[in-house]
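# A structural walkthrough
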Amino acid sequence: MLSFLSEKLTGAKQFPYVLEDTPEELGGWAHWNHFQGTKRENSMPVSIFKMSGRSNTDAAVQAARNGMKRLRTMRHPNVVRFVGTEEEEDKQGAPSLYLITEKVRPLLSVLRELRQKMSKEQCNEYIAMGLREVTKAIAFLANDCKLVHGNVRMSSIVVTETLEWKLNAFDMLAEHQAATTGEWPLRTWSWMSPGQYKPAEVGKGDWSAVVNGPPYAIDAWGLGCLVLEVFSGAPLDKMEDLRNMDVLPPNLTADYQKLLSSAPNKRLSPQKFLDKAEFLKVKGAELIEVLENINMKDSSEKDIFFRKLPQAVPTLPTLVAQRRVLPLLANALEYGSAPASALTSLLAIGKDLDSDEFVAKVVPCVVKLFASTERSIRIALLNNIESFGPAIPDGVMDEQVYPNLSNGFNDPTAHLRELTLKSIVTVAPKLKQSTINASLLKHLAKLQVDEEPAIRANTTICLSNIAPNMSDAACKRVLLNAFTRALRDGFPPARSAGLMAIVATQQYYSSAEVATRVLPVASPLLVDTDASVRVHAFSLVENMTAALKAQSDKLAAAAEMGGVDPTAANAAIAAANASPMPKAKGGGVLSWAVGSLSASMSKKEGASGSGASTSSAAPRAPASSSAPAAPSRASSGAAAAAASSAAPPAAAAAPSEYSDTTAADVGNGWGDDDELDVGFDDAPSGGGGGGGFDNDDDDDDDGWDDEAAEREAAARARLSARPASRPTPS
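Position labels on residues start from 1 in each chain and follow its written sequence. Local features are withheld for residues below a pLDDT of 70 in this predicted model, meaning they are given only at 70 or higher, and side-chain atom pairs are given and counted only at 80 or more; totals for whole chains, interfaces and linings count all residues. Hydrogens and water molecules were not included; the side-chain quantities draw on all heavy atoms of the structure.

### Side note on the overall build of the protein chain
Within the protein chain, the secondary structure is distributed over 31 helices and 10 strands. Under the scheme applied here, a residue whose accessible area is under 20% of the maximum for its type counts as buried, over 50% as exposed, and between as partly exposed, the area being computed with a 1.4 Å probe on protein chains only. By residue count, 52% of the 730 residues in the protein chain fall in the buried class. Residue pairs in contact within the protein chain that sit at least 24 positions apart in sequence constitute 68% of those at least 6 positions apart. Accessibility throughout is a Shrake-Rupley quantity obtained with a 1.4 Å probe, and a residue counts as covered only by protein chains that appear here. Surface exposure of the protein chain reaches about 32,700 Å², of which carbon and sulfur atoms provide 52%. Runs of H or I in DSSP of at least four residues are treated as helices and runs of E of at least two as strands, each being numbered from the N terminus. The criterion used for residue contact is that any of the two residues' heavy atoms lie within 4.5 Å.

Here you go:
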């Protein structure tokens, strides 16, 4: 607004670009200086080439206008992209011309930087890629347009942010057959090109030889000069330097000599140089060319290419892979030209980027891919979410990624539901509490009664692992009820998962809850038919009773020190019973109960009725846990039969007794709290002191009710009503 008012008041138009104060040290050509800048309108980064003349009739100004006009109409992937032009005049009428292009840097500056970061072999491969690109542009001018650039050298080449070489400096561009006319830029402004870059016919002014020679002859000579300059790392100083071929790779020397033939008709054409030069045939260049034209390939060609891509990526120069290949891969994935397997290569390239670059170059692509309905893409994303998930900003994860990711919870394919579940450990730390309470917990409630037993078991593990990301109210409402539900599951690893989850999250439960709800439900599993379940049941009971005993000892000591005031002692006991348990020793992130759904597909829920299972399906304790390891196999026949007969009916019952609850039965069972209205079933009705498996009423309950809270309140009241023990007189 201020710039608009300024223009209206002063009548002067504001320059639409912002230039940096100093030009590029090694940029520009002839009268041009190369500045970096931005467009005022949208802050788009651009390169600005500026030249100033004495008057509008100045030969340099006329040549500059010729170059700007030519570039405006030139469209080729290997020609610098035109953005705009501007002109200004000072009070004396001296013009200043501005040519604005895409953001580029001088080739010499880029090569000097890359030689410090690349090995000689990698640098040569990169130079080969760049020479291919420039040669394509020169061949296009000569063969398709019958034009002569007339000024091919290192200062005429610029490099984009993706390390592409592009042809620039079109001031002398002219038609090849215009030599017979009076106005011919190549002849009129040939003085702008230094003598060491001129072939013999131009240096002598033999324009008939130029006309009678091929259109590419002058630019083929310039291409030879460019080849020597990029390997020597310095501009050509004099023509005699062209004989110094020691810096050239051996497989390039012969072609270099043909480019610099003294006879115009005998010079190697740029097209033949592109097709036959052994030095230019590098795998990296071929890979990039396929990616650039991937939309034109048929399905079989794409399959072959992307099958070989993971082996080809590590052979590329690292910077070329990051700046050139990665954007091409991201573009191909976004527009559906690449299969899901290409995501692996994308992430392999991106893993070496610093955090800011990763967020800028990789994260936008994967965020868009989460909206894809193609199952293979979604599976690839979920399989790799640990590698890119932590880099996704919290707001983007909550608002853009999770809504699409959550569709996988309801997918008919069990494998995709499992991968979606496992991804939550990475996703949950970045979600808002409202998203966790209103959406995520509802999905997990349904997964805990999934038809696949492995998914039910892993849902319990997932809840345990994301507990630190849940609010205190959600932990209070969800965890114990979800984990005690798991103890009723007919799949042994699911019961083990419930036991381990209770221990791992014991800091969220009060002493009263442990005594009245946990121990009564866990005790029957001490004689479970599955050896792994028994091991974890004993671990839980030992952990919980030890914690309760330690707390009881502290209360007794406090009562002795507190004198004979029973009211104060009872209040202290009530407060202690309501306080949370200490965090479990060795607690941490639990491993998945079943490592892979595909590995457990043959172990359906009905297999648990035999009372035998292998330890491979059992959940593993954290690495630092002191819990005893589960035996490698279940008890043999006689022992298993004995254990089965000794177990309570619920532990040895047919799977259907535990699996009557389905996802359809999980309703809005969180009382009147809309924010926590998810759907885990209530704790067993016998949690107050019975066996804990009496779920006669469970099928009538769609989820949570207030019975558990009432039982706990009653238990606390009973404990509070007991008189405090008084110290025995000595």
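### Observations regarding the pattern of salt bridges
When a carboxyl oxygen of Asp or Glu is within 4 Å of a side-chain nitrogen of Lys or Arg, the pair counts as a salt bridge. Under the criterion given, the structure shown has 26 salt bridges. A salt bridge links Lys39 to Glu41; the shortest N-O distance between them is 3.8 Å. Linking Asp411 and Arg378 is a salt bridge whose minimum nitrogen-to-oxygen distance equals 3.6 Å. Here Asp411, found in the loop between helix H19 (394-405) and helix H20 (414-427), pairs with Arg378, found in helix H17 (residues 375-383); they are 33 residues apart in sequence, far enough to count as distant. Accessibility assignment for this pair places Asp411 and Arg378 in one class, buried. One salt-bridge network, in which partners are shared between bridges, spans Glu133, Glu164, Glu292 and Arg324.

### Let's talk about helix H22 (residues 453-466)
Its 14 residues give H22 an end-to-end C-alpha distance of 20 Å, which sits within 8% of 20 Å, the value for a rise of 1.5 Å per residue. Burial within H22 is extensive, with 14 of its 14 residues counted as buried. What a helix is expected to span follows from its residue count: subtract one and scale by 1.5 Å.

### Some details on the nonpolar core
Grouped together as the largest cluster of nonpolar side chains are 173 residues, with contacts concentrated most on Tyr126, Trp165, Leu440, Leu444, Met470 and Leu540. Among the elements that make up this core, the one with the highest residue count is helix H4 (residues 120-144) (12 residues). The contact partners of Leu440, leaving out residues within four places of it in the chain, are Tyr402, Phe409, Ile424, Ala428, Leu431, Thr435 and Ile466. To qualify as a nonpolar core, a set must consist of buried Ala, Val, Leu, Ile, Met, Phe, Trp, Tyr and Cys residues joined through side-chain atoms within 4.5 Å. Counting residues in each nonpolar core, the second largest holds 12 residues, with Trp189, Val202, Val210 and Ile218 among its members.

### Some points on the pairing of strand E3 (residues 45-52)
Inspection of the sheet shows strand E2 (residues 33-39) paired to E3 by 6 bridges, in the antiparallel sense. Looking at the pairing, Thr38 lines up with Pro45 of E3. Whether two strands pair depends on DSSP finding at least two bridges between them. The loop that links E2 with its antiparallel partner E3 comprises 5 residues; one of these, Ser43, has a positive phi angle of about 60 degrees. In this structure, E3 lies alongside strand E5 (residues 95-102), joined through 7 bridges in antiparallel fashion. In the sheet register, Ser47 faces E5, and the bridge partner there is Thr101.

### Comments concerning the sheet that holds strand E1 (residues 17-19)
One open sheet accounts for 5 strands, arranged E1-E2-E3-E5-E4; its pairing is antiparallel. Of all strands in the sheet, those with a lone pairing partner are E1 and strand E4 (82-89), marking the two edges. Strand-to-strand, the axes of this sheet are offset by a mean angle of 30 degrees, without reference to chain direction. As paired strands, E4 and E5 are joined by 7 bridges and run antiparallel to one another. Bridge pairing in E5 links Glu89 to Pro95. Whenever a helix is involved, its axis is fitted only over the stretch in contact; in every case the axis is a line through C-alpha atoms, and angles between N-to-C directions fall within 0 to 180 degrees. Taken strand by strand, helix H2 (residues 59-72) contacts E3, E4 and E5, and its axis lies near 25 degrees from that of E5.

### A word on the sheet that holds strand E9 (residues 165-167)
Read from one edge of the open sheet, 3 strands run E6-E8-E9, paired in antiparallel fashion. Looking at which strands have only one partner, the edges of the open sheet turn out to be strand E6 (104-106) and E9. With direction set aside, neighbouring strand axes in the sheet form an average angle of 45 degrees. With 3 bridges joining them, strand E8 (residues 157-160) and E9 adopt antiparallel strand pairing. The residue bridging Val159 from the neighbouring strand is Trp165, located in E9. The sheet strands contacting H4 are E8 and E9, and the helix crosses E9 at an angle near 25 degrees.

### Points about the packing of aromatic side chains
For Phe, Tyr and Trp, where Trp contributes only its six-membered ring, two rings pair if their centres lie within 6.5 Å, and the inter-plane angle classes them as stacked under 30 degrees, edge-to-face over 60, or tilted in between. Counting across every chain of the model gives 6 aromatic pairs. Both rings, one in Phe305 and one in Phe306, keep their centres 5.0 Å apart while their planes meet at 80 degrees; by these two values the pair is edge-to-face. The residues Phe305 and Phe306 share a single accessibility class, namely buried.

### Some points on the confidence of the model for the protein chain
Any segment with low pLDDT has predicted coordinates that should not be analysed in fine detail. Confidence scores labelled pLDDT are given residue by residue by the predictor and lie between 0 and 100. In the predicted model, the protein chain carries a mean pLDDT of 80, and 75% of its residues have values of at least 70. Of all helices and strands in the protein chain, the one with the weakest mean pLDDT is helix H29 (residues 637-646) (35), whereas E9 scores best (97). Low pLDDT, under 50, characterises residues 1-10; the predicted model gives this stretch 5 contacts beyond four residues in sequence or across chains. Counting contacts from residues 681-709, a segment whose pLDDT is below 50, to residues more than four positions away or on other chains yields 70 contacts.

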